[in-house]
Amino acid sequence: MSSTENVKKPVGHEGVWAACGFALVLLVIGLPIWWQTTMVYRAVLPYAYIDELASHKARHRIHVKLITQDKNGINRLEKYLKDNEVIKYSVSSRLPTPEEINTSKISNYHELDSKLSRLLHIHDGALGVFVMPLTSDMPAVLLGNHRTVYVQPNISMEKVAKILESMAWDSSITDKVKSKLVSVDERKKQIGPGVRRQVPTEPGYDLTLTLMVPEPHFVKAKWEIRSAVEEYLNPMLDQIRNVADITVRSQVLYVTSLNIAPQWSDSHKHYKLPEEQLPLTINSIESKLGSFVSTRPSLHFVVYIPSSGQSPLHIHTQKGEVLQTNSFLVPRWGSVMIHNVDIPPYNESVPLPIEVSVNTYDVMNLVVSQLHKLLPIPLLESDKDLKILEPVDSRLAGWQLDALARARVSTYLTNTRITLQSLCELVGEISNMVISDEVGGWVWGAVEEWGACQTAATEGRLLEASQYCTEAFARVDKAFFHPSMLALLYFPDNQKYAIYVPLFLPVSIPVILSLRTIFAWVKAFLSRKEKKD
């Protein structure tokens, strides 16, 4: 073999330019196009603003208007009316007008409350304390159906302050809000039974009234549920529409019974249903109630007519006492009411089925009472010094409506903050998660509504705060559960390598060889230049 064959043939200009062109096309054109077409689009999110709002704890401002002839009354009330981590009170005082003094002499409490409330102009979210004249023969403290407390001049302002605090805020709501910030085990220790039975705070609910007739061939139940809902239930539901939108529907289930085994009680002359059997009754009918027809949380109120072999049926407590309401509350679900009907003795001459009527008045009273516990709506009990004015229908008192709105605002603020922070953490941990402009718009809108809600709450604008927080919660909920956010949630990094390695490995080999050719040509060119020099 000659020595000339061992000399490497210099690379021609055509090969160099071809290698440069190939590498240039791939690196300058191909790689950027691939990067742009495979890049995950992420809309800008307000991380700093979310952290700023999360660090700010909004407190509800409640304006308390004191109407009294005692100049030192405001000092005594402010002394006992203490702020807490949720509520901040602002007390103002003025003298009563002659018209208000004359109106306070009305002996009818409902008329007194109605006329004085119009004169006092206590707005939404505020409370009023009207000190009655000395000649008044009313109770020491009269709690009206609006937002005003009427007190005698000799009543202690310490007691008035405690009543105002109970009207403004339910302590169980504080436990509910705090429970969302701790672990599940700690949550079970902190919250009480009152919090456990409350339904989740949502913008709307589906309330279903169900009549269960296990023996339609024997009993034909008749209930005027439409008129009962319009007369007893709708006044309250229309009143809280801006706070919680509740849709009512009704149904009748035939040949459906509760999974119970009552025992006959000789002493009471009826079938007794022990309390320990109550949890078993829900599982057997849950699938038949139609909870799946809507995505909103459902509230079920079941009226059960016992079969002829189990009638009359009454619930007994663990102490063996008969439960007067003959119903039981299921936490976060609803309630079941056992409704015994008067069934005449069987007679062959009487045609079947026997028509019976359901007492819808008792049913609606129970529904309203149980709904107060599930939402929850604060209730005060009368004592020797406090008389609570009975409502004329199912409508809530003004202070009850405010307390419900205030509780839901606080829960919404906490839920919105937790969801936004969880969303930010999720986006930071998963780099390939898509954040579309639609999702980004919802997040920005939720943050704006969240900030507006905090401002409105701290300024005492309760109605506006309720509207802002409801919208904020709805928007952040849509953003968090958007399908584009969940599409890449379970797409680990090892799947990226499994896809891109087979794609880039065959393409990268010619590029590396082209770069090797270019480097060899450059090296040869530099060596020839050095020889010439």
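Up top is the structure these notes are about.
Residues numbered from 1 in each chain as written. Predicted model: local features only at pLDDT ≥ 70, side-chain atom pairs only at ≥ 80, totals over all residues. Heavy atoms only, no water.

Chemist: Where do I start with the overall build of the protein in this structure?
Modeler: The number of helices and strands found in the protein is 18 helices and 16 strands. Burial analysis of the protein (533 residues in total) assigns 42% to the buried set. Sequence-distant contacts, at least 24 apart, represent 76% of the contacts inside the protein between residues at least 6 apart. Total accessible area computed for the protein in this model is approximately 29100 Å², and 55% of it derives from carbon and sulfur atoms. (Helix = DSSP H or I, 4+ residues; strand = E, 2+ residues; numbered from the N terminus. Buried < 20%, exposed > 50% of the residue type's maximum accessible area, 1.4 Å probe, protein only. Contact = heavy atoms within 4.5 Å. Areas by Shrake-Rupley, 256 points an atom, 1.4 Å probe, with all protein chains shown as cover.)

Chemist: Can you walk me through the sheet that holds strand β8 (residues 245-254) in this structure?
Modeler: Hydrogen bonds between backbone groups are what pair the strands of a sheet, and the pairing can be parallel or antiparallel. What the 5 strands build is an open sheet, ordered β8-β6-β11-β14-β13; its pairing is mixed. Strands with a single pairing partner mark the edges of an open sheet, and in this sheet they are β8 and β13 (327-330). Averaged over all neighbouring strand pairs, the angle between strand axes comes to 15 degrees, with direction disregarded. One ladder, built from 4 bridges, connects β13 with strand β14 (residues 334-338); its direction is antiparallel. Within the sheet, the bridge partner assigned to S327 lies in β14 and is M337. Relative to β8, helix α11 (residues 225-239) is tilted by about 155 degrees, and along the sheet it contacts β6 (204-213) and β8. (Pairing = 2+ DSSP bridges. Axes fitted to C-alpha atoms, helices over the stretch in contact; angles between N-to-C directions.)

Chemist: Can you help me understand the environment of T414 in this one?
Modeler: The topology assignment puts T414 in helix α14 (residues 398-429). Of the residues examined, T414 reaches a relative accessible area of 7% and is grouped as buried. Considered as a pair, T414 and F473 are 59 residues apart in the sequence and their alpha carbons are 9.6 Å apart.

Chemist: I would appreciate a short explanation of the nonpolar core in the present structure.
Modeler: Across soluble globular proteins, nonpolar side chains have a tendency to be buried as a group. Counting 43 residues, the largest nonpolar core has L209 and L233 as the members making the most contacts within it. If you list the elements that add at least two residues to this core, you get β6, β7 (219-222), α11, β11 (298-304), β15 (354-357), α13 (360-374) and α14. For this core, the element with the most residues is α13, which contributes 7 residues. Not counting the four nearest positions on each side in its chain, L209 is found in contact with W223, I225, V229, V248, R249, S250, Q251, F301, M364 and V367. Counting residues in each nonpolar core, the second largest holds 31 residues, with L81, V131, V151 and I155 among its members. (Core = buried A, V, L, I, M, F, W, Y, C linked by side-chain atoms within 4.5 Å.)

Chemist: Looking at this structure, I do not really get helix α4 (residues 73-80). What am I missing?
Modeler: Since the α-helix turns once every 3.6 residues, residues separated by three or four places project in the same direction. The complete set of buried residues in α4 reads G73, I74 and L77. Buried residues of α4, seen end-on, are gathered within an arc of 95 degrees and therefore sit on one face of the element. (Arc of directions from axis to C-beta.)

Chemist: Please clarify how the packing of α14 against helix α15 (residues 437-458) should be interpreted in this entry.
Modeler: A packed helix pair is summarised by two numbers, namely the angle formed by the two axes and the spacing between the axes. Across the interface, α14 lies against α15 with an axial gap of 11 Å and an inter-helix angle of 145 degrees. Considering the relative orientation of α14 and α15, their crossing is left-handed. Side by side, α14 and α15 meet where V409, L413, T416, R417, L420 and L423 of the first sit next to V443, V447, W450, C453 and Q454 of the second. Looking at the contact of α14 with α15, its residues break down into 8 nonpolar, 2 polar and 1 charged. (Left-handed = near helix turned anticlockwise from the far one by under 90°. Nonpolar A, V, L, I, M, F, W, Y, C, P; charged D, E, K, R; others polar.)

Chemist: Would you take a moment to explain the sheet that holds strand β16 (residues 386-388) for this structure?
Modeler: Strand order in this open sheet of 6 strands is β2-β1-β3-β5-β4-β16, and the pairing throughout is mixed. On the outer flanks of this sheet lie β2 (87-94) and β16, each paired with one strand and no other. Sheet twist, expressed as the average angle between the axes of neighbouring strands with direction ignored, equals 20 degrees. Relative to strand β5 (residues 148-151), strand β4 (residues 141-143) is paired through 3 bridges, and the arrangement is antiparallel. Directly across from V141, in β5, lies its bridge partner V151. Sheet contacts for α14: β1 (60-67), β2, β3 (127-131) and β4; angle to β1, the most-contacted strand, approximately 160 degrees.

Chemist: Which parts of the structure should I look at to understand the pairing of strand β10 (residues 270-274)?
Modeler: In summary, the side chains of a regular strand alternate between the two faces of the sheet. Strand direction decides the pairing type here: strand β9 (residues 263-265) and β10, joined by 3 bridges, are antiparallel. Bridge pairing in β10 links Q263 to K272. As judged from the 4 bridges shared by β10 and strand β12 (residues 313-316), these two strands associate in the parallel manner. Residue pairing for β12: Y271 is matched across the bridge by L313.

Chemist: Quick question: what am I supposed to make of the layout of surface pockets here?
Modeler: Any empty space left between atoms is shown by rolling a water-sized probe over those atoms. Volume-wise, the largest pocket comes out at about 580 Å³. If you go around the largest pocket, you meet 25 residues; those closest to its centre are H372, L379, E390, P391 and Q400. Mapped onto the lining of the largest pocket, the elements with two or more residues apiece are α11, α13 and α14. The greatest single-element share of the lining of the largest pocket, amounting to 6 residues, is contributed by α13. When its residues are assigned to classes, the lining of the largest pocket shows 12 nonpolar, 8 polar and 5 charged. (1 Å grid on protein atoms, 1.4 Å probe; cavity = no way out; pocket = protein on both sides within 12 Å on 5 of 7 lines; lining within 4 Å. Points joined across faces, edges and corners; volume = space filled by probe spheres on them.)

Chemist: Hey, could you run me through the pattern of salt bridges in this one?
Modeler: Any two side chains of opposite charge can pair, given that their charged atoms come close. According to the stated counting rule, one finds 16 salt bridges in the structure shown. Between E459 and R461 there is a salt bridge, with its nearest N and O atoms 2.8 Å apart. You can call E459 partly exposed: its relative accessible area is 42%. (Salt bridge = Lys/Arg side-chain N within 4 Å of Asp/Glu carboxyl O.)

Chemist: Before we go on, may I ask you to explain unusual backbone geometry in this structure?
Modeler: With glycine set apart, most residues show a phi of negative sign, and most peptide bonds adopt trans. Looking along the chain, the bond that leaves S311 and enters P312 is cis, with omega of 0 degrees. The amide bond that connects L375 to the next residue, P376, takes the cis arrangement and shows omega of 0 degrees. Looking at the secondary structure, you find P376 in the loop between α13 and β16. Backbone geometry at V255 places phi at a positive 50 degrees, although glycine is not the residue there. Among the structural elements, V255 can be located in the loop between β8 and β9. Residue classification places V255 among the exposed positions, given a relative accessible area of 63%. Its identity as a non-glycine residue notwithstanding, N326 has a phi of 55 degrees, on the positive side.

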